[in-house]
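Structural features, examined
Chain residues, written in single-letter form:
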Amino acid sequence: MKERPSFPARLDFLAGKPNSKRPTPRGVPVQGIGLDSRAVRMNMVHQLAGQGIADPLVLSAMGSVERHRFVDSALVNQAYEDTSLPIGLGQTISKPGVVARMAELLRNGASGRLGRVLEIGTGCGYQAAVLSLLAHEVYSIERLRGLHDKARDNLRNLRLANLHLLFGDGMAGYAKGAPYAAIIAAAGGEAVPQAWVDQLAVGGRLVAPVATGAACAGRQALVVIDKTAQGLRQTVLEAVHFVPLKSGVA
Ligand code: SAH
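Within each chain, residue numbers correspond to sequence positions counted from 1 in written order. Side-chain atom pairs in this predicted model are given and counted only at pLDDT of 80 or more, local residue features only at pLDDT of at least 70, and totals for whole chains, interfaces and linings cover all residues. Side-chain measures were taken over the full set of non-hydrogen atoms in the model, leaving aside hydrogen atoms and water.

**As for the packing of aromatic side chains**
Aromatic ring pairs are reported here in terms of the distance separating the ring centres and the angle at which the planes meet. Applicable threshold: Here a Phe, Tyr or Trp ring, Trp counted by its six-membered ring, pairs with any other such ring whose centre lies within 6.5 Å, and the pair is stacked when the planes are under 30 degrees apart, edge-to-face when over 60, and tilted otherwise. Here a helix means four or more residues in a row that DSSP labels H or I, a strand means two or more in a row labelled E, and each is numbered from the N terminus. Relative accessibility under 20% of the residue-type maximum defines a buried residue, over 50% an exposed one, and the middle range a partly exposed one, all with a 1.4 Å probe and only protein chains included. Both a distance and an angle decide whether a charge sits over a ring: NZ of Lys or CZ of Arg must be within 6 Å of the ring centre and within 35 degrees of the ring normal.
Per the counting criterion, the structure on display carries 3 aromatic pairs. When the centroid spacing of 6.1 Å and the interplanar angle of 70° are considered together, the rings of Tyr139 and Tyr180 count as edge-to-face. Pair noted here: Tyr139 is in strand S4 (residues 135–142) and Tyr180 is in strand S6 (residues 180–185), with a separation of 41 residues, a long-range link. Like Tyr139, the residue Tyr180 is buried in the burial classification. Following the ring pairs from residue to residue traces out a cluster consisting of Tyr139, Tyr174 and Tyr180. Cation over ring: Arg145 sits above Phe167, and NZ or CZ is 4.0 Å from the ring centre.

**Let's talk about unusual backbone geometry**
Residues Ala178 and Pro179 are joined by a peptide bond in cis, for which omega reads 5°. You can see Pro179 is positioned in the loop between strand S5 (163–167) and S6. Positive phi, normally seen in glycine, also occurs at Leu89, with a value near 55°. Take Leu89: it is sitting in the loop between strand S1 (85–88) and strand S2 (91–93). Leu89 gets classed as exposed once you look at its relative accessible area, which sits at 56%. Even without a glycine there, the phi angle at Asn108 is positive, about 50°. Tracing the chain through its elements places Asn108 in the loop between helix H4 (96–107) and strand S3 (114–120). For Asn108, a relative accessible area of 43% puts it in the partly exposed group.

**Some remarks on the site of the ligand**
Operational definition: By convention in this text, a residue qualifies as near a molecule or strand provided that one of its non-hydrogen atoms is within 4 Å of it. Under this definition, polar contacts are N or O atom pairs within 3.5 Å; protein pairs additionally need one hydrogen-donor-capable and one acceptor-capable atom, and for neighbouring residues in sequence, both atoms have to be side-chain atoms. Methods summary: accessible areas were calculated by the Shrake-Rupley approach with a probe of 1.4 Å, and residue burial reflects only the protein chains presented. Amino acids are sorted into nonpolar (Ala, Val, Leu, Ile, Met, Phe, Trp, Tyr, Cys and Pro), charged (Asp, Glu, Lys and Arg) and polar (every other residue, Gly among them).
In the vicinity of the ligand lie 28 residues, with Thr92, Glu142, Asp169, Gly170 and Lys246 positioned nearest. Between Gly121 and the ligand, the recorded distance is 3.3 Å, taken from a backbone N or O atom to a nitrogen atom. For the ligand, whose free accessible area comes to 580 Å², the fraction covered by protein is 99%. Where the shell around the ligand is concerned, the elements lending two or more residues are S2, S3, helix H5 (126–132) and S4. Of the residues belonging to the shell around the ligand, the class tally is 14 nonpolar, 9 polar and 5 charged.

**So, the pairing of strand S8 (residues 220–228)**
The following threshold applies: Any two strands with at least two DSSP-identified bridges between them are counted as paired.
Counting buried residues along S8, 8 of its 9 residues qualify, which places the element largely inside the surrounding structure. Across 7 bridges, the pairing between strand S7 (residues 200–211) and S8 is antiparallel. Looking across to S8, one finds that Arg205 is bridged to Asp226. Pairing of S8 with strand S9 (residues 231–240), which is carried by 8 bridges, proceeds in the antiparallel orientation. Note that in S9 the partner of Ala221 across the bridge is Ala239. Between S8 and S9, which pair antiparallel and follow one another directly, the connecting turn spans 2 residues.

**A word on the sheet that holds S3**
The condition is simple: Axis definition: a line fit to C-alpha positions, over the contact stretch in the case of helices; interaxial angles, taken between N-to-C directions, run 0 to 180 degrees. Residues count as neighbours in contact if any of their non-hydrogen atoms are within 4.5 Å of one another.
The 7 strands lie next to each other as S5-S4-S3-S6-S7-S8-S9, forming an open sheet whose pairing is mixed. Every other strand in the sheet has two partners, leaving S5 and S9 as the edge strands with one partner each. Within this sheet the neighbouring strands show an average axis-to-axis angle of 15°, counted without direction. Two elements, S3 and S6, share 4 bridges in a ladder whose sense is parallel. Bridge assignment links Glu119 to a residue of S6, and that residue is Ile184. Running at roughly 155° to S7, H4 makes contact with S3, S6, S7, S8 and S9 of the sheet. Of the strands in this sheet, S4 and S5 are in contact with helix H6 (residues 145–156), which crosses S5 at around 160°.

Spatial relationships are all this shows, so hold off on functional conclusions.
Here it is as structure tokens:
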């Protein structure tokens, strides 16, 4: 087990005194979010810490990526609530709590940045931006052209040189970038595609929502697969609700 910093140390990148019980700053106007988004985001980070997210790099990344820039202007007021929001074409941006939880699982207590990471399901590009702060290189695939283009627009000004957006069917992974230190899926399938497991480095970790029980019941759980020199180790975690993983492009 790697040593983790004690609780106060986790939040020392935040301005002011760390206190996970800090109340919601009701007076903070979210409307003029460009000016005040940092305060609202810091509140979100405190809530994530209160929910048990402890990885300092994850909290720091969640505190710096401006989620309100990835949602439609009509939804900006909700950008820092722990809720998924529509991003068009029937898809959703994941809840901040889920993005942080999956990122923490993916990092598995690593002290520095991860190596190469593959994300399946770019969507609006929010999680990809978070991942780009947690890894040396990120490849993110999206099967819907409209969202691939939207993510490119959303991310343009951020100039994240280590983030590569790809248009294609992520079921096949992206062999050119393999092997990956980590693979994360933002859409849930019946099973984890073999290509993802094949493209995972030994010592690497995959985190994905996977259907549990009858396919038509729509129940999913978060699954972690660790690829070790001895083979694969699978852990099934909490129930989640993601959009379906689909094959082909559109
Ligand atoms: N991480 C995203 C969440 C997007 S929702 C964000 O931060 O916005 C999941 C996305 O997965 C959807 O955009 C959906 O189109 C995409 N998706 C589903 N199946 C896919 C596949 N086989 N390959 C690539 N993307 C896929």
